[in-house]
Each structure stands twice: as C-alpha cells, then as structure tokens.
Amino acid sequence: MKMKKVISVLTAVTMAVTLFAGCGDSNKPSESQVDNPVESSGEESQPEESEPEGTEEVKEQVLKVAAFEGGYGADMWSEVVAAFEASHPGVTVELTVDKKLEDVISPSMKAGDYPDVVHLATGREAALTETLTKENALLPLTDVLEMTVPGEDVKVKDKVIPGFLDTLATNPYGDGVTYYAPMFYSPCGLFYNAGLFKEKNWTVPTTWEEMWALGDQAAAEGIALFTYPTTGYFDAFTYATLSSAGGSDFFNSCMTYEDGIWESENATKVFELIAKLGEYTEATTVANANNDNFTKNQQLILDNKAIFCPNGTWLPGEMADAPRADGFEWGFMAIPAVNEGGTGCSFCWFEQMWIPAAAQNQEMAKEFVAYMYSDEAAQIFAKSAAIQPITGVSDYLEGDNKMFYSIYDNGASAVMGGFAATAPVEGVNMLDTLCGTVNSIVSGDKTVADWQAAVEEVSDKLRAAME
C-alpha cells in the first residue's frame, strides 16, 4: 500500500542522527605562521615569511544542518555534506540525522539554539514544521530561487522542475513567498503494461477522447480500461485533474475552500470525468478496493484484465513478486489533459527543507539550500533513490526509475499541495467525501449531483474553520 504522506515528504520525514564534523580548511595558515614570533633560545630568530601577495585567510564558518533520515538512509547526507565542504573552503557542517528528528532538535530550539538548515516535511505527527510556520518562525527563501546554483551557471528557480514552486506545499501562506524548498519527490500517474500495447499495437492515449476510444476497443476484447487500488488513490488523481481543468490558481482555490469553487464549471468537468471513468472500471474493483484486498486490483493490470491503474512510483516494488502476463513491462504516464490543447498532469509527493528565522548563519544556510539543486548533490542523493526535483534528473537514473521520473521531462506538469489546514470540524473530512465517494459513483449508488453538492457542503464548513 502506498506510504502516502509518510514520505510527506509531504510527509513523514524523520531523519537520522549522525553527528558529522567536517575538517576546516587545510590551507588556512597556522598560528605559528601568523603573528607568532619564534622565541629566542640563544639563537637569532629567523624573520617570518610573509604570505604571498593576494592570499586571503579563509573565514571559518560552522553550519548546523538537521535532516530527517527516512527510508533513504543517513549515508547520503554525510556524502553530500562532505561534497559541500569541499566546494566551500572554511565551512564546517555539523550534521544531525535522525529518524525522530523532532525529538532531537526541539529541546535545543526551545532553549534558543536553532539549526541553520532543517530537512523535515509537513504532515508528520509532531507537526514541527507546521508549528513554526504558524508562528511565522521561518525564513523566506524567495531570494534563494534567484541565487546561482553553486558550481553551475544557472539560477535555482530555473533548475527546479516547473510547478514545484507554485504550490501551497512551498508557499504555505498563499502569498507567493517561498518558505519550503522542495526536496525528494515521487510522481504519481497511471501505470500500465507497456508489453500489452506492443502486443495489441495500441497507441498510448494522451487525451481523454483517446482514452474513451481505447476503452471501447479494449472492452471488445474483454479488457477493462481502468481499475484502482482503493478510493484513497483518487487524491493524487483528482488533484491532477483539477489542476489540468483550471490551472494552479483554480487548484489552490479548491484546496483553500473558496466559496462555490466545487460548483464551478471546471470542478464539474472533473466530477463528470471521474464518473465516466467509473463506467470503464473493471467490475470487481469496488469489492476489492479496501486495505485487505487492494493488491487484487493492482494485479488486474499485471494479468491484462485492466489497462490503467493510478499509483505512485512505489507500485513496482510493491508488486515485485506478483505473477504477471508474458511480455509484461511497466509503463507510466501522466493523467491526460482535461481541456483540449492542454498538457497532462502528474501529482507528486515531496519532502521539504527550510531555514528557521532564528538561524545564526542564514547566508551560508541559503548557500546550502541552493547547493541541494546542483548536479553534484542530485547525483549523490540519486544513488540512494532520493530524487531531487530538478530538470534532467532522469539522466542520473536507470531502469524503470528512469522512465518514471522522466514524466516531467516529457512535458507533464507537476501538481503539488493539498487541502489547507483547519480546526477540527466534527463529522467532516474532505478526503472522505471527495475520494471515498468514488466507490458509490462507480457502483451507481450515488449521482454526480449528490457527490458534488456534498463536497461543496464540506468545503463551506472547512472554510469557516480555516486556521
């Protein structure tokens, strides 16, 4: 089952502890070389050697970096820190990596001793990132986007994949100011058997009209167009279709419960699209769309009983030992564009890095954040399967991962973010209403009109409770 919002990255970003002290610059003159005359012992002391003209002493700096360990391990952080130190003479990084990072750094922060840089995503139980955000205790990173990536000749904003910087998951106050730097990501989309397309000489659809045409063609051969593990997987699917239907501003309006947004024309397109997709869904899907039997639905595409299944890049690993049809090979595509002439969209989960407003070494902290988007850092992270959201990242990857992560290089727009936080409202859960209702739509127990009205009602209640 997908570890959604555990990566959470946007999400469960626990990072592991490893105290790492880098060496200072070995080129710095020693005390015996600078202003330290040799004491006389009966012999005439030799004159000091002056430093070559133009040589400047490197200023020593200590940068405190705290990172969540997560599933990628701690070693990659040590390697990245060593590379950063090597490219920044005089900088020593004190690295803390821990699976329970909040427990490690919170006591010191309460005492006024803050890390300079923190890698810790939103969505974790301790909610440290959210707490500091609500307290306006984070440093804006918008100027980091204008910095040149260390060691390269491109600005950070031009290195980051389009779409990652225009979301509530990086601009939490919705004011266009970036406070969270996007880190390791996992795209979501539609998985399929590329071998089946070769066998049938089918063309992978890029529009919904082509999807419906393929669905009719496949149905004649006893193959369903679609299945899904559980309705919970419709969050990423719905987010992508919402963004495709109305753009990022519309998507953010949906996520912040704007009055009437779920009754709008663009929202109606999405509700009706999902309902029509229900007509092309494999018949046993609803019965198995639960935590006990979801792999049976995923198995449908391995057995050529259904063509497409929404999921994230963890799916191949999850089904690694499952039987499959002869000639099976993984295929992966974005959600087709809702509007004619539009581009496909792919929602992705990602982790976040930030700088506390109380950090002591803010300028070097910004330099470290900018370095995270360098090819050098990205290649180090990629060896541990931690993939940075930078253009061309697929060049560092191999096998299926290369295909999965090239989705944005191939023209898909990235969609990120989620519903804005609110105070608890008894009996109200947006994802339950928006996504959980899909089973009833597919089975025909509820109408689109009823579903749409229920979502708008929940949106109204949550808008009043927004924090």
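Residues numbered from 1 in each chain as written. Predicted model: local features only at pLDDT ≥ 70, side-chain atom pairs only at ≥ 80, totals over all residues. Heavy atoms only, no water.

Caption draft 1: Representation of the overall build of the protein chain. For the protein chain, the count of helices and strands is 18 helices and ten strands. Per-residue burial for the protein chain yields a buried fraction of 53% across its 467 residues. Roughly 20800 Å² of accessible area belongs to the protein chain as shown, and the carbon and sulfur atoms make up 47% of that amount. (Helix = DSSP H or I, 4+ residues; strand = E, 2+ residues; numbered from the N terminus. Buried < 20%, exposed > 50% of the residue type's maximum accessible area, 1.4 Å probe, protein only. Areas by Shrake-Rupley, 256 points an atom, 1.4 Å probe, with all protein chains shown as cover.)

Caption draft 2: Main features of the nonpolar core. The biggest cluster of nonpolar side chains holds 73 residues, and the ones touching the most others in it are Trp77, Phe164, Tyr185, Met372 and Phe381. If you look at the next biggest cluster of nonpolar residues, it comprises 63 residues, including Leu196, Trp208, Ala218 and Val270. (Core = buried A, V, L, I, M, F, W, Y, C linked by side-chain atoms within 4.5 Å.)

Caption draft 3: Structural detail: the pattern of salt bridges. In total, this model carries 14 salt bridges according to the counting rule given. With a closest N to O distance of 3.0 Å, Lys198 and Glu329 form a salt bridge. With Lys198 in helix 6 (residues 194-200) and Glu329 in the loop between helix 12 (315-318) and strand 8 (330-333), this residue pair connects regions lying 131 residues apart in the sequence. Given a relative accessible area of 59%, Lys198 falls into the exposed group. (Salt bridge = Lys/Arg side-chain N within 4 Å of Asp/Glu carboxyl O.)

Caption draft 4: Region of the structure containing the packing of aromatic side chains. Applying the stated criterion across every chain yields a total of 37 aromatic pairs. On the numbers, 6.1 Å between centres and 50° between planes, the contact of Phe197 with Phe308 is tilted. Here Phe197 is found in helix 6, whereas its partner Phe308 is found in strand 7 (residues 306-312), with 111 residues between them in sequence. Phe308 matches Phe197 in its accessibility class, with the two residues each being buried. Ring centres 5.0 Å apart and planes at 75° place the aromatic pair Tyr228 and Phe234 in the edge-to-face group. For the pair shown, Tyr228 and Phe234 are each scored as buried. Connected via pairs of aromatic rings, a cluster forms that spans Tyr239, Phe251, Tyr257, Trp262, Phe271, Phe347, Trp349, Phe419 and Trp451. (Phe/Tyr/Trp six-rings, centres within 6.5 Å; stacked < 30°, edge-to-face > 60°.)

Caption draft 5: The arrangement of helix 8 (residues 234-255) in detail. Given a rise of 1.5 Å per residue, 22 residues ought to cover 32 Å, yet the end C-alpha atoms of helix 8 are separated by just 15 Å, more than 12% below that figure. Approximately 125° is the largest bend angle found in helix 8, and it occurs at Gly247. The element helix 8 is extensively covered by neighbouring structure, given that 18 of its 22 residues are classed as buried. Once helix 8 finishes, Tyr257 follows within two positions and takes phi at roughly 60°, a positive value. (Expected span 1.5 Å × (residues − 1). Bend = angle between axes of the 7 residues up to and from the residue.)

Caption draft 6: Molecular detail of helix 18 (residues 448-464). Relative to the 24 Å expected for 17 residues at 1.5 Å per residue, helix 18 spans 25 Å between its end C-alpha atoms, a close match to the ideal helical length. Residues of helix 18 that are buried include every one of Trp451, Gln452, Val455, Glu456, Val458, Ser459 and Leu462, and no others. End-on, the buried residues of helix 18 take up no more than an arc of 165°, which puts them together on one face. Exposed side chains of helix 18 directed beyond 90 degrees from the buried face belong to Ala449 and Ala464. Residues of helix 18 that are buried make contact with helix 9 (265-279), helix 16 (430-434) and helix 17 (438-443). (Arc of directions from axis to C-beta. Contact = heavy atoms within 4.5 Å.)

All quantities given are derived from atomic positions and should not be read as evidence of function.
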